[in-house]
Amino acid sequence: MITPELKRIIEENTIGFVATVTPDGAPHVSPKATMICLDANHIAFCDIRSPDTVRNIRVNPRVEICFIDIFRRIGCRLKGKAVYREQGSPEFKALCATFNRWEPLLERAGGFVVIEVESAKKVTSPAYDLGQSEASLIEYWLGFYNELHQPEEA
């Protein structure tokens, strides 16, 4: 399901926007910045500040996650079912080594959310339909954000 190309998108753009449904049926989207691919069929993130997302998953485990590379204008959408692995559980302890990059935050984690991916799809900007190349999009958007974040002159 998670191809090497999609894995690259996920790993280079670690913030995934996780969509769940609240108990009253409303949509809920929350950015998660500790996303990793466990294997070709599973993705996971730490529950550090995710009480609403965890609550929603306990009621309805269906999720969708969207990643976007803002410079290359490509992304991916993953759909699947989530399970929660609480701190102190054997599953939590086994996953900790995988999340060693965030080790300073792990003691604050309530658990891990693990998603079994049922479908994964690459998405691209319509700019590619117009003949834009990846290199030209990177150049344009890097310039845009560099200009946007220039320090103000005194």
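Worth saying up front: this structure is predicted, and the values here are computed from it rather than measured.

Cut-off values and rules
- Residues numbered from 1 in each chain as written.
- Predicted model: local features only at pLDDT ≥ 70, side-chain atom pairs only at ≥ 80, totals over all residues.
- Heavy atoms only, no water.
- Pairing = 2+ DSSP bridges.
- Helix = DSSP H or I, 4+ residues; strand = E, 2+ residues; numbered from the N terminus.
- Axes fitted to C-alpha atoms, helices over the stretch in contact; angles between N-to-C directions.
- Polar contact = N/O pair within 3.5 Å; in protein donor to acceptor, adjacent residues only side chain to side chain.
- Contact = heavy atoms within 4.5 Å.
- Buried < 20%, exposed > 50% of the residue type's maximum accessible area, 1.4 Å probe, protein only.
- Arc of directions from axis to C-beta.
- Core = buried A, V, L, I, M, F, W, Y, C linked by side-chain atoms within 4.5 Å.

Enquirer: What's the story with the sheet that holds strand β7 (residues 111–124) in this structure? I'm lost.
Expert: For sheets, the rule is that strands pair by backbone hydrogen bonds, running either parallel or antiparallel. With antiparallel pairing, the 7 strands of this open sheet are ordered in space as β2-β1-β5-β6-β7-β4-β3. Because the sheet does not close on itself, it has two edges, and the strands there are β2 (27–32) and β3 (36–39). Each strand of the sheet is rotated relative to its neighbour by a mean of 35 degrees, with strand direction disregarded. Note that strand β5 (residues 62–69) and strand β6 (residues 74–86) share 8 bridges and pair antiparallel.

Enquirer: Quick question: what am I supposed to make of the side chain of Glu64 here?
Expert: Here Glu64 lies in strand β5. Polar contacts involving the side chain of Glu64 include one to the side chain of Arg77, which spans 2.6 Å. If sequence neighbours within four positions are ignored, Glu64 has contacts with Phe17, Val18, Ala19, Arg77, Leu78 and Lys79.

Enquirer: What's the story with helix α1 (residues 4–12) in this structure? I'm lost.
Expert: In an α-helix, one turn spans 3.6 residues; hence positions three or four apart end up facing the same way. All of the buried residues along α1 are Leu6, Ile9 and Ile10. One face of α1 carries all of its buried residues, which in axial projection span an arc of 95 degrees. Check the buried side of α1 and you find it contacts β3, β4 (42–47), β5, β6 and β7.

Enquirer: How should unusual backbone geometry be read in this particular structure?
Expert: Across residues other than glycine, the phi torsion is negative in most instances, and most of the peptide bonds are trans. You will see that Arg73, though not glycine, has its phi angle at about 60 degrees, which is positive. Examined against the element boundaries, Arg73 turns out to sit in the loop between β5 and β6.

Enquirer: Hey, could you run me through the nonpolar core in this one?
Expert: If you look at soluble globular proteins, the nonpolar side chains tend to sit buried side by side. Ile10, Met35, Ile43, Phe67, Val113 and Ile115 are the most contacted members of the largest nonpolar core, which has 22 residues in total. Of all elements in the fold, only α1, β4, α2 (51–59), β5, β6 and β7 reach the threshold of two or more residues within this core. Considering each element in turn, this core owes the most residues, 5 residues, to β6. Those residues in contact with Val113, other than ones at most four positions away along the chain, are Ile43, Ala44, Phe45, Val54, Ile57, Ala82, Val83 and Tyr84. With 11 residues, the next largest nonpolar core counts Ala44, Cys46, Trp102 and Leu106 among its residues.

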